[in-house]
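# Inside the fold
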Amino acid sequence: MEMNTGAILTAMVLGVLLTGAASWVLSGLYRRRMLALMRRSPPPDPAQAVAASPAPAPARPSVALDPRANQRASWRYLFTVSALSLLIGVTQSVLALLFIYGSELLSVGRALTLGVVYAWPMALTWGLVRRWSWLRTLGAIFIYLLAMLALTLWRSISPQPLTTSLGWLGGLVLIPVVVTLVIGASGRIRAVAPYLLPIFMLLAGSSVLALQLMVAGVDDPPGWLITLVVTVGAWPAIVLMALAPWLLLAWPAWAIARALARAYRDKRFSDLWYLLAAYWLVVLGATALPALQGVGLIALTQFLPWLWIPLAAWALRGWLAPRGVPPTLLVLRVFQQDAGVQTLFDRVVERWRLSGNTVLIAGTDLLSRTIDPDDVFTFLNGRLADRFVANEAQVAERLRDFDLAPDPDGRYRVNECYCFDSTWQQALAALVAQADVVLMDLRGFQARNQGCRHELGVLATAPHLQRVVLLFDGSTDRNTALADLAGAPAGRVVWVEAGRLEHKRVAQIVGALLGDKP
């Protein structure tokens with residue numbers, strides 16, 4: 001059993017490393033393809049000429065903007081995922097006391113204490129929900145574990161050396177934290193890696209299994225294996241044996257990718273709950289894997305608490321569902337300032353998604369925040385160009401395809417309009433007509449940013465917008481922006497200084513979007 005445990009661990013490590021490498025390559029190719037398509041100008045289509053000015057948009061009903069409702073939804077969501085973590089932890093502790101540590105140790109107090117310790121991914125979940133930086137998330141995990149160290153030392157049946165308790169807690173978190181850092185810490189791959197993880201775990205497991213079979217037959221190897229080693233050499237033969245199962249699993253892996261994209265498109269899960277499920281699966285596996293050595297296959301019962309995640313997602317749909325007609329937020333920004341707009345997306349737009357939809361013109365600056373399984377599969381199919389709009393008629397068609405219904409967890413999705421350099425102005429007009437509120441990041445804006453100046457002119461004259469929130473810093477040319485906004489209705493435009501996006505400033509921006517007085 002020890003050899004099998006080592007093989008499983010090897011497969012897990014290999015799968016994670018392959019996922020990280022493949023995600024890095026895929027995200028780079030995706031970005032390069034998007035840039036090439038955005039710079040392309042499609043030939044004019046006489047049958048669908050682009051109008052000089054878009055047709056007037058139909059009158060839109062006024063939607064309610066309620067910052068208090070957003071706060072309630074935020075706390076309700078955080079309470080839900082925290083309670084789910086505790087439920088998983090307590091269930092895991094009961095199963096561990098029954099089948100791993102010995103049923104004679106089972107008691108209510110001990111199960112609850114161990115359950116709170118096993119619920120340490122709650123801190124990781126807070127980081128996912130709040131979109132904390134990885135440094136802050138690791139700090140939250142460290143503080144949680146310090147509290148659990150004090151709890152375990154207090155509740156231990158017999159006094160335990162500090163090093164023993166530290167080693168036990170470290171064993172619980174080491175593998176999961178390393179895995180989450182590899183597949184999620186880099187902004188370049190954070191949106192791609194979790195969706196590739198199950199595929200490369202399958203492929204890595206098949207490679208390790210093939211090599212295990214090869215080692216098992218080394219005392220009496222089949223003739224074909226001897227011929228292979230003699231023909232190509234020992235190391236090439238090992239590589240071929242490791243990769244051979246990939247040929248058999250290529251279609252199943254592709255089918256998994258398609259099924260994942262289809263399930264996401266059909267709203268079977270949300271992006272956040274997918275990450276939650278993926279990370280908890282790794283956490284439970286890190287507990288079950290060492291136990292295999294001592295108690296055998298019964299240790300696999302440690303995976304059973306994972307089932308609470310799909311059950312909770314189904315049972316809590318009504319409680320998490322938003323109320324009322326959702327407002328639509330249009331996000332505009334000065335391009336080529338990736339780090340700043342990504343932080344803005346993490347801290348502001350993610351909060352907004354509890355209240356309404358988000359639309360924007362696609363760009364490579366937010367690729368790591370907006371890509372989803374459907375986007376990845378579309379790219380791998382070689383059909384990314386089909387998402388780009390070539391004329392005004394296609395803009396309207398693309399907007400009709402927007403997914404504006406909430407996910408099962410009550411959060412709304414981000415919808416993008418992919419544009420060529422020759423069609424983004426038509427897309428902008430259509431998106432403004434659909435939006436209720438606009439958030440425009442003007443940090444670093446200068447008079448030379450002609451695209452932003454055109455956007456400001458459109459925002460000034462749009463008849464229906466309830467609020468336009470403009471972010472600025474010390475480098476923003478506000479005089480030029482104010483001139484471009486001449487004619488905007490009084491009270492529509494709200495300026496917010498956003499040189500630093502600390503918690504207080506984020507709350508001010510979200511409040512401004514949702515109707516708070518500046």
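Quick caveat: nothing in here was measured; it's all calculated off a predicted structure.

### Details of the nonpolar core
Grouped together as the largest cluster of nonpolar side chains are 51 residues, with contacts concentrated most on Trp 120 and Trp 273. Leu 332, Ala 427, Cys 452 and Leu 456 belong to the second-largest nonpolar core, a separate cluster that totals 33 residues.

### Focus on the layout of surface pockets
Of the volumes computed, that of the largest pocket is approximately 1,200 Å³. If you go around the largest pocket, you meet 49 residues; those closest to its centre are Tyr 264, Asp 372, Asp 374, Asp 375 and Arg 387. Looking at the lining of the largest pocket element by element, the count peaks at 5 residues for helix α9 (residues 234-265). Within the lining of the largest pocket, the residues separate by chemical class into 18 nonpolar, 9 polar and 22 charged. As a volume, the second largest pocket reaches approximately 730 Å³. Lining the second largest pocket are 28 residues, and of these Ala 277, Ala 278, Leu 281, Val 282 and Trp 306 lie nearest its centre. Residue assignment for the lining of the second largest pocket shows that the elements contributing at least two residues are α1 (2-38), α7 (193-216), α10 (271-295) and α11 (308-315). Ranked by residues supplied to the lining of the second largest pocket, first place goes to α10 with 10 residues. Per-class residue counts for the lining of the second largest pocket are 24 nonpolar, 2 polar and 2 charged.

### A short note on the pattern of salt bridges
All told, the structure shown has 21 salt bridges when counted by the stated rule. Here Arg 387 makes a salt bridge to Asp 374, at a shortest N to O gap of 3.0 Å. With a gap of 13 residues between them, Arg 387 in the loop between α15 (373-380) and β3 (388-389) and Asp 374 in helix α15 connect regions that are remote in the sequence. Of the two residues, Arg 387 and Asp 374, neither departs from the other in class, the shared state being buried. Connected through salt bridges with shared partners, the residues Arg 131, Asp 271, Asp 346, Glu 350, Arg 353, Arg 369, Asp 409 and Arg 411 form a single ionic network.

### Observations concerning a nonpolar patch on the surface
Taken together, the side chains of Leu 87, Leu 304, Leu 307, Trp 308 and Leu 311 make up a nonpolar region of the molecular surface, amounting to roughly 440 Å² of accessible area. Its place among the elements puts Trp 308 in helix α11.

### Focus on empty space enclosed by the protein
Tallied over the full model, the rule gives 3 cavities of 30 Å³ or more. Pro 121, Leu 124, Thr 125, Leu 128, Leu 276, Tyr 279, Trp 280 and Val 283 together form the lining of the largest cavity. Every element with two or more residues in the lining of the largest cavity is listed here: α4 (121-130) and α10. Here the residues of the lining of the largest cavity are counted per class, giving 7 nonpolar, 1 polar and no charged.

### So, the pairing of strand β4 (residues 414-419)
Here β4 lies mainly inside the structure; 6 of its 6 residues are buried. On β4, burial covers both faces: Val 414, Glu 416 and Tyr 418 on one face and Asn 415, Cys 417 and Cys 419 on the other are all buried. Relative to β4, strand β2 (residues 357-361) runs parallel, the two being bridged by 4 bridges. Of the residues in β4, the one forming a bridge with Ile 361 is Cys 417. In this sheet, β4 lies alongside β3 in parallel orientation, the contact comprising 2 bridges. Bridging across to β4, Phe 388 finds its partner in Tyr 418.

Each value, and the rule that gives it
- Residues numbered from 1 in each chain as written.
- Predicted model: local features only at pLDDT ≥ 70, side-chain atom pairs only at ≥ 80, totals over all residues.
- Heavy atoms only, no water.
- Core = buried A, V, L, I, M, F, W, Y, C linked by side-chain atoms within 4.5 Å.
- Buried < 20%, exposed > 50% of the residue type's maximum accessible area, 1.4 Å probe, protein only.
- 1 Å grid on protein atoms, 1.4 Å probe; cavity = no way out; pocket = protein on both sides within 12 Å on 5 of 7 lines; lining within 4 Å.
- Points joined across faces, edges and corners; volume = space filled by probe spheres on them.
- Helix = DSSP H or I, 4+ residues; strand = E, 2+ residues; numbered from the N terminus.
- Nonpolar A, V, L, I, M, F, W, Y, C, P; charged D, E, K, R; others polar.
- Salt bridge = Lys/Arg side-chain N within 4 Å of Asp/Glu carboxyl O.
- Patch = residues over 30% accessible without salt bridge, like charges linked within 9 Å, V, L, I, M, F, W, Y side chains within 5 Å.
- Areas by Shrake-Rupley, 256 points an atom, 1.4 Å probe, with all protein chains shown as cover.
- Pairing = 2+ DSSP bridges.

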